[in-house]
Amino acid sequence: MLCLGLSGGLDRVFESSLELPNTFLHDGAAVLVRDGRVIAAVEEERLNRVKHSNKFPSNSIRYCLSIAGVELGEIDRIAFYATEAYCNTVIERLSASRPVPLDAKLLLRQLLAREFGAEIDSSRLSFVNHHEAHAVSAFAMSGFDESLVLAIDGGGDFLSGILAVGSGTELTQLASFPEKNSLGLLYLETIRYLGYGLFDEYKVMGLAPYGDPAPYRELFAQFYELLDNGSYRVHLDRIGPALVRNIEVRRKGMPFTQQHRDVSASLQEALERMVFHILRHFREATGMTRLCLAGGVAHNCTLNGKLLYSALFDDIFVQPAAHDAGCALGLH
Ligand SMILES: [Fe+2]
């Protein structure tokens, strides 16, 4: 059984980019798995030289096929890292500004036919829930028999994360987090006022230890609420107005002030408080002593370190490709 997992966009590198929501359809990659064993895996950005490539991962597919010595027509299953419903919604949104008379399946089949000259039957294509792909990419590689699995990111498939229990080859979802409560977007929305943007989150995580969270702790407390049963709410709409009122907004290239460092520290503290809140509840409710993490927010290694040293869990596995490229690993 040969399975090819794909993440990335649905337009080719020389085509003008479709206007897509900036939290989705990036980090293109392909992963080829034969009977449960990874044969080849590569990120498109390594081959097309576009960081976080949002293009169709043609080069990655070609690379995976060449490593295995097979043609695209010999692949049993080709899987994409989002549900068909979500992809179709994104395509519909695009067709409001210009006609895109396609659905996701047809678009994927046409792309594969144009790039590889192979007619792929629809029955061999599958579209997988984005956060399930993240979750599987961590749990399947963790070596754990069972564990809690938290997939958290900016957004995808109308959600910003799921909490599940992995056991053997099964994943049971216990909670999902809507996009409006996105922890990835909380981070992104804040760093815009520090002169940063999408994919710069790690720089602000690195700035945070130079700051003191205390001066803006109360301000950040207005941006989220911790609710019962490990749930929470994020008020993304309050972030911009509050920051504009309370700090000197930094534009890219401007020097950092202590204020910017302190805001970074408060942001990091808020993220950590929310993730600990979720995990403490589900650690207790399920009795699981291990944890797997995936999704872009799981690249926050300050958070991961605190989780590890908190002893809340006996062991933690973080998917090294926690960003969307890693989804291509979790589609098999
Ligand atoms: Fe994601």
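Note that the coordinates shown come from a computational prediction; the quantities given were computed from them, not determined experimentally. (Residues numbered from 1 in each chain as written. Predicted model: local features only at pLDDT ≥ 70, side-chain atom pairs only at ≥ 80, totals over all residues. Heavy atoms only, no water.)

Note on the iron ion: its protein donors are His130 (NE2), His134 (NE2), Asp153 (OD) and Asp324 (OD). The metal-donor distances range over 2.1 to 2.2 Å. Within one chain, the residues serving as donors to the iron ion are arranged as H-x3-H-x18-D-x170-D. With aspartate 153 in strand E6 (residues 146-156) and aspartate 324 in the segment after strand E12 (315-318), this residue pair connects regions lying 171 residues apart in the sequence. Summarising the burial analysis for this pair, aspartate 153 and aspartate 324 share the class buried. (Donors = N, O, S within 2.8 Å, 3.2 Å for Na, K, Ca; no water. Helix = DSSP H or I, 4+ residues; strand = E, 2+ residues; numbered from the N terminus. Buried < 20%, exposed > 50% of the residue type's maximum accessible area, 1.4 Å probe, protein only.)

Now for the environment of glycine 36. Of note, glycine 36 is situated in the loop between strand E2 (29-34) and strand E3 (37-43). Look at glycine 36 and you get exposed, because its relative accessible area is 68%.

Let's shift gears to the pairing of E6. Counting buried residues along E6, 10 of its 11 residues qualify, which places the element largely inside the surrounding structure. Judged from the eight bridges that link them, E6 and strand E7 (residues 159-167) form a sheet pairing that is antiparallel. Bridging from a neighbouring strand, valine 149 pairs with alanine 164 of E7. As consecutive antiparallel partners, E6 and E7 are separated by two residues, and within that stretch aspartate 157 has a phi angle of approximately 55 degrees, a positive value. Relative to strand E11 (residues 290-294), E6 runs parallel, the two being bridged by four bridges. From the neighbouring strand, leucine 148 faces E11, where its bridge partner is leucine 291. (Pairing = 2+ DSSP bridges.)

Time to look at the packing of aromatic side chains. Two aromatic rings, taken as a pair, are described by how far apart their centres are and by the angle between their planes. Summed over all chains, the structure comprises six aromatic pairs. Seen in terms of ring centroids, phenylalanine 80 and tyrosine 81 are 5.1 Å apart; in terms of plane orientation they differ by 85 degrees. Their pairing is edge-to-face. Look at phenylalanine 220 and phenylalanine 223: their rings are 5.0 Å apart centre to centre, the planes differ by 65 degrees, and that puts the pair in the edge-to-face class. Across the pair, exposure class does not vary: phenylalanine 220 and phenylalanine 223 are buried alike. Above the face of the tyrosine 196 ring, arginine 250 is positioned so that its terminal group lies 5.4 Å from the ring centre. The side chain of arginine 250 reaches across the aromatic face of phenylalanine 256, ending 3.9 Å from its centre. (Phe/Tyr/Trp six-rings, centres within 6.5 Å; stacked < 30°, edge-to-face > 60°. Lys NZ or Arg CZ within 6 Å of the ring centre and 35° of its normal.)

Purely spatial values, then, with no claim about function.
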